[in-house]
Amino acid sequence: MKRRFLRTPAVLASLLWLAPAAALAETAEAPDPTLEPRVAEIMPLAPTSILLDVARAGDGYIAVGERGHILRSRDGQTWQQMQAPVRRMLNRLRFSDGQQGWAVGYDAAILETTNAGRTWEIRHFDPEAQPLYDLALLDGDRAIAVGGRGLVLRTEDGGKNWEPIENDVFDLQFHLFSITQLANGDLLITAEKGLLAHSEDEGRNWRMLAPAYTGSFFGALPYQDAGAVVFGLRGHVYVLEDAAAVDNENPLTWDEFEAQTVTDAEELRELGYRQVDSGTLQGLFGGTRLADGGYLLVGVNGVALRSDPAVTGFQALAYDNPSTLNQVLSNQDRALAVGRNGATWLSLKQGWRKLK
């Protein structure tokens, strides 16, 4: 039987991981399960509205965001809104090559493009379902999408059919914010309340990793051969040197109300974690690998943090941008970030400073 939990105002605030305005925009437009999805409106201000993700596609870039906005650009500066078959917020983009890509969002919407984002078709839509937050592409036919309250969907036929994956970990009904394929092919899901789920068999089976932190993890990036850099609420960053070596936790006996954040370095090491001081208390929503092998993380109030490849510490980009950033994409000596006010280029040649 699935467990249901009451959420305090503090916990609810932590779940507004995309941006407060984005969450309000979604709650103001309650879905009607009797209606077909409505197409997104073409809006002149869409390029400066809330954008949640950006990806390379063909000879340019694609970005997605609130109200089903899908934008296309050659240079990351001038954007054109594409026709989209849904009007609900789109959270994540994934491209398998320069032409074929997927977008996921609210109402469990899954959209596909086969022409670098010029046109899109609905592959899944359920206005009674939880939102989808991320998608992992395993190959041309197989993909796994994750979302709210433990929702996990899998396709084996290129997106024609999507079936739910059931597991004791997902029965906790936590919001699953990201799914990342590590360098060795393993999969890692990050979620609220410090939940991390790991699979060594392409998502057929999952185990809960022993938690080290009680706050939300909003994303992860591959680290070396079998590890990950996970990041989230209040600037928390942890390195898993080897995800498969992290201790197990039994989701059937684990009690979220007794869980505590581990602060002792030796105890963290025994669990399989290494905490890295980010130098900020701002929430970190997105990240990318840099050309030098380092990492760039972005988040609340425009924070942009760069680390070395070994992730031993962070420096902050010295620039004036108070607008929250949700995701970032590296491009040699600069990075394309999207957030509360649309898209912006960050120069990686600007000054960097320690936050402490």
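Everything below is about the structure shown above.
Keep in mind the model is a prediction, meaning the values are calculated, not measured.

Thresholds, definitions, all that
Residues numbered from 1 in each chain as written. Predicted model: local features only at pLDDT ≥ 70, side-chain atom pairs only at ≥ 80, totals over all residues. Heavy atoms only, no water. Salt bridge = Lys/Arg side-chain N within 4 Å of Asp/Glu carboxyl O. Helix = DSSP H or I, 4+ residues; strand = E, 2+ residues; numbered from the N terminus. Buried < 20%, exposed > 50% of the residue type's maximum accessible area, 1.4 Å probe, protein only. Pairing = 2+ DSSP bridges.

S.K.: Can you tell me about the pattern of salt bridges, naming the residues and giving the values?
M.R.: Evaluated as defined, the whole model comprises 17 salt bridges. We note a salt bridge from Asp 139 to Arg 142, for which the minimum N-O separation is 2.7 Å. Salt-bridge contacts for Arg 269 lead to Glu 266; the nearest nitrogen and oxygen are separated by 2.2 Å. Taken together, the positions of Arg 269 and Glu 266, both in helix α3 (residues 265-271) and 3 residues apart, correspond to about one turn of that helix. Take Arg 269: its relative accessible area is 51%, and that puts it in the exposed class. Relative accessible area serves as the criterion here: at 41%, Glu 266 is assigned to the partly exposed category. Salt bridges sharing common partners tie together Asp 53, Arg 92, Arg 94 and Asp 134.

S.K.: Before we move on, can you summarise the sheet that holds strand β11 (residues 152-155) with the specific residues and values?
M.R.: Hydrogen bonding along the main chain pairs the strands of a sheet, whether they run parallel or antiparallel. With respect to topology, 4 strands assemble into an open sheet ordered β9-β10-β11-β12, the strand pairing being antiparallel. Edge positions in the sheet fall to β9 (132-137) and β12 (163-164), since each of these pairs with one other strand and no more. Summarising the sheet, β9 and strand β10 (residues 143-147) pair through 5 bridges and their orientation is antiparallel. Its bridge partner being in β10, Ala 136 is matched across the sheet by Ile 144.

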